[in-house]
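Each chain, written out:
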Amino acid sequence: MIRINPHFQKLQASYLFSNIAQRVAAYQQANPDKPLIKMGIGDVTEPLPEVCRTAMKEAVDEMGTRDGFHGYGPEQGYAFLREAIAENEYQSRGCDIGADEIFVSDGSKCDSGNIQEIFGTDISVAVPDPVYPVYVDTNVMAGRTGRFVDGRFEGLTYLEATPDNGYTPELPEQPVDLIYLCFPNNPTGAVATKEQLQRWVDYARQHHAIILFDAAYQAFIQDDALPHSIFEIEGAKQCAIEFRSFSKNAGFTGTRCAFTVVPKDLVAYDPENNEVPVRQLWSRRHSTKFNGVSYPVQRAAAAIYSQAGKQQVQDLVQGYMANARQIRETMIELGYDCVGGDHAPYVWIRTGGNSWDFFDRLLNEAGVVCTPGAGFGKCGEGHIRLSAFNSAVKTGEALQRIREVLSR
Ligand code: MLT
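Residues numbered from 1 in each chain as written. Predicted model: local features only at pLDDT ≥ 70, side-chain atom pairs only at ≥ 80, totals over all residues. Heavy atoms only, no water.

## Thoughts on the domain arrangement of the protein chain
Frequently, the measure chosen for interface size is the accessible area that the parts lose on association.
And step 1. Assigned domains within the protein chain: domain 1 (6–47 + 308–406) and domain 2 (52–306).
And step 2. A straight line from the C-alpha centre of domain 1 to that of domain 2 covers 24 Å.
And step 3. With 37 residues of domain 1 at the contact, the number on the domain 2 side is 48 residues.
And step 4. At the boundary of domain 1 with domain 2, the tally comes to 1 salt bridge.
And step 5. Across the salt bridge formed by Lys378 and Asp150, the nearest N and O atoms sit 3.2 Å from each other.
And step 6. The interface formed by domain 1 and domain 2 includes 17 residue pairs in polar contact (both at pLDDT 80 or more).
And step 7. Looking at the side of domain 1 that touches domain 2 element by element, the count peaks at 9 residues for helix H10 (residues 307–333).
And step 8. Its residues assigned to classes, the side of domain 1 that touches domain 2 comprises 19 nonpolar, 11 polar and 7 charged. (Domains from an automatic or database assignment. Contact = heavy atoms within 4.5 Å. Salt bridge = Lys/Arg side-chain N within 4 Å of Asp/Glu carboxyl O. Polar contact = N/O pair within 3.5 Å; in protein donor to acceptor, adjacent residues only side chain to side chain. Helix = DSSP H or I, 4+ residues; strand = E, 2+ residues; numbered from the N terminus. Nonpolar A, V, L, I, M, F, W, Y, C, P; charged D, E, K, R; others polar.)

## A closer look at the packing of aromatic side chains
And step 1. What the rule picks out here adds up to 20 aromatic pairs.
And step 2. Note on Tyr217 and Tyr346: the rings are 5.1 Å apart at their centroids and 65 degrees apart in plane angle, and the pair reads as edge-to-face. Highlighted residues: Tyr217 in the loop between strand S8 (210–214) and strand S9 (240–245) and Tyr346 in strand S14 (residues 346–350), separated in sequence by 129 residues.
And step 3. Their ring planes at 75 degrees and their centres at 4.9 Å tell us that Tyr320 and Phe389 sit as a pair that is edge-to-face. Here Phe389 lies in the loop between strand S17 (383–387) and helix H12 (392–406) and Tyr320 lies in helix H10, a separation of 69 residues in the sequence.
And step 4. The class of Phe389 is buried, set by a relative accessible area of 1%.
And step 5. Taken together through their ring pairs, the aromatic side chains of Tyr90, Phe231, Phe246, Phe252, Phe259 and Tyr305 make up a single cluster.
And step 6. One residue, Arg385, lies across the ring of Tyr346, its end atom 3.8 Å from the ring centre. (Phe/Tyr/Trp six-rings, centres within 6.5 Å; stacked < 30°, edge-to-face > 60°. Buried < 20%, exposed > 50% of the residue type's maximum accessible area, 1.4 Å probe, protein only. Lys NZ or Arg CZ within 6 Å of the ring centre and 35° of its normal.)

## What about the packing of helix H11 (residues 355–366) against H12?
If you want to describe how two helices pack, look at the angle between their axes and the distance between the axes.
And step 1. Following both chains from N to C, one finds H11 and H12 inclined at 110 degrees, their axes separated by 10 Å at the closest point. Relative to H12, H11 is oriented roughly perpendicular. Across the interface between the two elements, Phe358, Arg361, Leu362, Glu365 and Ala366 from H11 touch Arg401, Ile402, Val405 and Leu406 from H12. (Axes fitted to C-alpha atoms, helices over the stretch in contact; angles between N-to-C directions. Parallel < 35°, antiparallel > 145°, perpendicular 65-115°, else oblique.)

## Structural notes on the site of the ligand
And step 1. All residues in the neighbourhood of the ligand are listed as Phe17, Ile41, Gly42, Tyr132, Asn186, Tyr217, Lys248, Tyr346 and Arg385.
And step 2. Gly42 places a main-chain nitrogen or oxygen 2.6 Å from an oxygen atom of the ligand.
And step 3. The side chain of Arg385 places a nitrogen or oxygen atom 2.7 Å from an oxygen atom of the ligand.
And step 4. In the complex, 86% of the free accessible area of the ligand, which totals 260 Å², lies under the protein chains.
And step 5. The class makeup of the residues in the shell around the ligand is 5 nonpolar, 2 polar and 2 charged.
And step 6. Inspection of the shell around the ligand shows a minimum of three residues originating in each of domain 1 (6–47 + 308–406) and domain 2 (52–306). (Near = heavy atom within 4 Å. Areas by Shrake-Rupley, 256 points an atom, 1.4 Å probe, with all protein chains shown as cover.)

## So, the sheet that holds strand S13 (residues 337–340)
And step 1. Strand order across the open sheet formed by 4 strands is S13-S14-S17-S16, with antiparallel pairing between neighbours. Pairing within the sheet leaves two strands with one partner each, and these edge strands are S13 and strand S16 (371–372).
And step 2. With 4 bridges joining them, S13 and S14 adopt antiparallel strand pairing. By the bridge assignment for S14, Val339 is matched with Trp348.
And step 3. Contacts from H10 reach S13, S14 and S17, with the element oriented near 165 degrees to S13.
And step 4. Those strands touched by H11 are S16 and S17, and its axis lies near 45 degrees from that of S17. (Pairing = 2+ DSSP bridges.)

## Some remarks on the packing of helix H1 (residues 16–30) against H11
And step 1. Two numbers describe how H1 lies on H11: the axes approach to 11 Å, and their chain directions differ by 35 degrees. Classified by chirality, the crossing of H11 by H1 is right-handed. Contacts from Leu16, Asn19, Ile20, Arg23 and Tyr27 of H1 reach H11 at Trp356, Phe359, Asp360, Leu363 and Asn364.
And step 2. Tallied by class, the residues present in the contact of H1 with H11 amount to 6 nonpolar, 2 polar and 2 charged. (Left-handed = near helix turned anticlockwise from the far one by under 90°.)

## With respect to the sheet that holds strand S2 (residues 102–105)
And step 1. A sheet is described by the order of its strands in space; here 7 strands give the open sequence S2-S10-S9-S8-S7-S3-S6, paired in mixed fashion. On the outer flanks of this sheet lie S2 and strand S6 (157–160), each paired with one strand and no other. Geometrically, the sheet is characterised by an average inter-axis angle of 20 degrees between neighbouring strands, direction not taken into account.
And step 2. Note: strand S7 (residues 178–182) against S8, 5 bridges, orientation parallel. If you follow Leu181 over to S8, its bridge partner there is Phe213.
And step 3. The sheet strands contacting helix H8 (residues 278–289) are S2, S8, S9 and strand S10 (258–261), and the helix crosses S2 at an angle near 25 degrees.

If you want it as structure tokens, here you go:
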């Protein structure tokens, strides 16, 4: 008899953003004349940079010629893109990362979800709380956790980010093998300093652990003294994997392109405690289960590294950051404590009370969609997240509506 993977039954009923989408759809059906403003899911709104569109169109035309046609590409990505990434994202910031350590993919959600496959099912895993749900759910699916009890999965170590620690988690009290970190953080928008990341790297090296560093929002960092990459930290090449994306900085959420950096120096251990290069495992996994990002999309991604491309991406980022500042200032004026919004496109707002109730209030009374903090974990309760991914006009209108509702 065919059996299901029983670990799927431990998952919460639906993925956070699907749950929100259902409530939003119900509201829209009941209120067809009330226009909604979405500040929930972190989906970009502004058009693709011109350099990307031009590069993509040219690549499509190339594909229409006998000489320029491309069939299956290298699963790890074309050399032109991997080299541009290595040079512009890493070598330019003093990080010794080579093109052969970069794996181009169709998204950081997929990569940060899939990477756990290459590690043992009996390892101990630490995740932040609040957390991007993908890190948790993929480990649940793989059978690394027990049941969901009182808002948490048994067997996972939760690294609490609370008002008391400035939303930056402390090192775990008991040793763990795999550590998920995300800076600038989703959902809180908090950032980590070099000193803070150095403590994580030292911890990971001491415990032969690996850090999975999600840096999908690094382009929003406004202070150059803050690290954009974990590989700016000494020793990180021996203990970290980094996820990066073109989604948020260059507007690729619908176009799909991202990359993961797995350094050559990084090892994990087989059952006999022999060292195994992690890059080799990820390469094997990637080439077995993935057939590469399309040629026109990789050309579009590479275009952001031209001079004009860098400027166009900066313009997009600065537009969203102006929204973020406005959100943060308005919510502070309304009397709420906030983090994020200064180096991240998310503002994490301490509302107190039940965050789904606050979500419903903003939806029903202001016609604004936020993300309830409880959807990101136990420590998310009493908070909501507002996303700056919108036009300036809509952000302004949403804040006006929020102000009216919350000042009542
Ligand atoms: C979010 O809203 O947290 C992000 O959009 C999720 C994602 O990028 O997958």
